[in-house]
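# Secondary and tertiary structure notes
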Amino acid sequence: MNPNLHFAADYAAEQIENYIEIYKLKPHDRLPSERALAEQFHVNRITVREAIGRLTNEHVLYSIPGSGTYVAAKKLRTYTGVNFSYHAYCHANGYVPSSKVVNYYKTAGTDFVCKKLNIPQNSNVFILKRVLFFNHKPAVIETTHIPELFCPNLDKFDFHKKYDSLYQVLADEYGIRATKTRETIYMTYASSDADYLNIDKKTPVLCFDVVSSTEDDVIVEYCQTLKRRDLFGINSDLFPVTY
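Residues numbered from 1 in each chain as written. Predicted model: local features only at pLDDT ≥ 70, side-chain atom pairs only at ≥ 80, totals over all residues. Heavy atoms only, no water.

### Quick word on a negative patch on the surface
Taken together, the side chains of Glu 14, Glu 17, Glu 21 and Glu 58 present a region of like negative charge at the surface. Residue placement: Glu 14 occurs in helix H1 (residues 3-22). (Patch = residues over 30% accessible without salt bridge, like charges linked within 9 Å, V, L, I, M, F, W, Y side chains within 5 Å. Areas by Shrake-Rupley, 256 points an atom, 1.4 Å probe, with all protein chains shown as cover. Salt bridge = Lys/Arg side-chain N within 4 Å of Asp/Glu carboxyl O. Lys, Arg positive; Asp, Glu negative; His and termini not counted. Charge placed at Lys NZ, Arg CZ, Asp CG, Glu CD. Helix = DSSP H or I, 4+ residues; strand = E, 2+ residues; numbered from the N terminus.)

Here it is as structure tokens:
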């Protein structure tokens, strides 16, 4: 790529984001035409097109052929190292959460899962696989493993209907509060879970491999989560290193 185009596109992308803020555009509001933006920012249309393409890839914008370019809905932000109830977080940020159970059963844990949970081999675990929605869009596919050792009779709770928040049940019924997490985050493809998220199998998704523990470092949950990139972003805080 021409480096001058690259730098000009950086400038144009920044100006488009400033335009959205200044004119208080809301999700699904339409942007001016490429020609109008080029004239306003004093760049050529090729530069604007490159900037729009970049912001589309970042899910800041989206385009409808023959109609124009629009502001995309804001992503739900995921904070690394912070453990929270999905439903509580959605409510706090003005989203409408819901969930659908795919599988829910008790079984002997695999060697891999038992090692993650730091429990003896072949120990029983409850497996809860759910699709999580916000604003009625499928956003997350979550597979949670809970040791029966800490939560006997967890299967009596009907997550299909009555109970939405697993964390709330663990806290209210078993006195378990997961306050610490250890996360591995990477990119993968939706593959066999694509239909649950209403996306193509080859669509990249964010994968979170999370082990949660109590304040006393007792591991109470191992969770594998896939999140749609067009609906989620990642926030992380950096602190100066003290020597």
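### A short note on the pattern of salt bridges
Inspection of the entire model under this criterion finds 11 salt bridges. In this structure, a network of salt bridges that share partners links the residues Asp 10, Glu 50 and Arg 54.

### Remarks on the layout of surface pockets
Each pocket or cavity is described by its volume, and for the largest pocket that value is around 610 Å³. Around the largest pocket sit 21 residues that line it, and Val 71, Ala 72, Ala 73, Lys 74 and Lys 75 are the ones nearest its centre. Broken down by element, the residue count for the lining of the largest pocket peaks at 3 residues, all from H1. Across the lining of the largest pocket, the residue classes tally to 10 nonpolar, 3 polar and 8 charged. For the second largest pocket, the calculated volume is near 160 Å³. (1 Å grid on protein atoms, 1.4 Å probe; cavity = no way out; pocket = protein on both sides within 12 Å on 5 of 7 lines; lining within 4 Å. Points joined across faces, edges and corners; volume = space filled by probe spheres on them. Nonpolar A, V, L, I, M, F, W, Y, C, P; charged D, E, K, R; others polar.)

### Quick notes on the nonpolar core
Proteins that are soluble and globular tend to have nonpolar side chains buried together. Ile 16, Ile 20, Leu 31, Phe 41, Val 48, Ile 52 and Leu 61 are the most contacted members of the largest nonpolar core, which has 16 residues in total. With 5 residues, the single largest contributor to this core is H1. Among all residues touching Leu 31, those that are not within four sequence positions of it are Ile 16, Tyr 19, Ile 20, Leu 25, Leu 61 and Thr 69. (Core = buried A, V, L, I, M, F, W, Y, C linked by side-chain atoms within 4.5 Å. Buried < 20%, exposed > 50% of the residue type's maximum accessible area, 1.4 Å probe, protein only. Contact = heavy atoms within 4.5 Å.)

### Quick look at the confidence of the model for the chain
Averaged over every residue, the pLDDT of the chain is 88; residues scoring 70 or more account for 89%. Put simply, strand S3 (residues 76-79) is where the chain has its lowest mean pLDDT, 68, and helix H5 (residues 111-117) is where it has its highest, 96. (pLDDT = per-residue confidence, 0-100.)

### Some details on the pairing of strand S2 (residues 68-71)
Two strands pair when backbone bridges link them, and strand S1 (residues 61-64) and S2 are joined in this way by 4 bridges, in the antiparallel orientation. Directly across from Tyr 62, in S2, lies its bridge partner Tyr 70. The antiparallel hairpin formed by S1 and S2 contains 3 residues in its connecting segment, where Gly 66 sits at a positive phi of about 80°. (Pairing = 2+ DSSP bridges.)

### What to know about the packing of aromatic side chains
Remark: the centre distance and the inter-plane angle together describe each pair of aromatic rings, the angle taken between the planes. Counted by the stated rule, this structure contains 7 aromatic pairs. Pairing Tyr 62 with Tyr 70 gives two aromatic rings, centres 5.6 Å apart and planes at 20°, and the pair type is stacked. Overall, Tyr 70 belongs to the buried group, its relative accessible area being 13%. An aromatic cluster of at least three residues, connected via ring pairs, comprises Tyr 95, Phe 134 and Phe 232. Directly above the ring of Phe 208 sits Lys 227, whose terminal nitrogen or CZ lies 4.5 Å from the centroid. (Phe/Tyr/Trp six-rings, centres within 6.5 Å; stacked < 30°, edge-to-face > 60°. Lys NZ or Arg CZ within 6 Å of the ring centre and 35° of its normal.)

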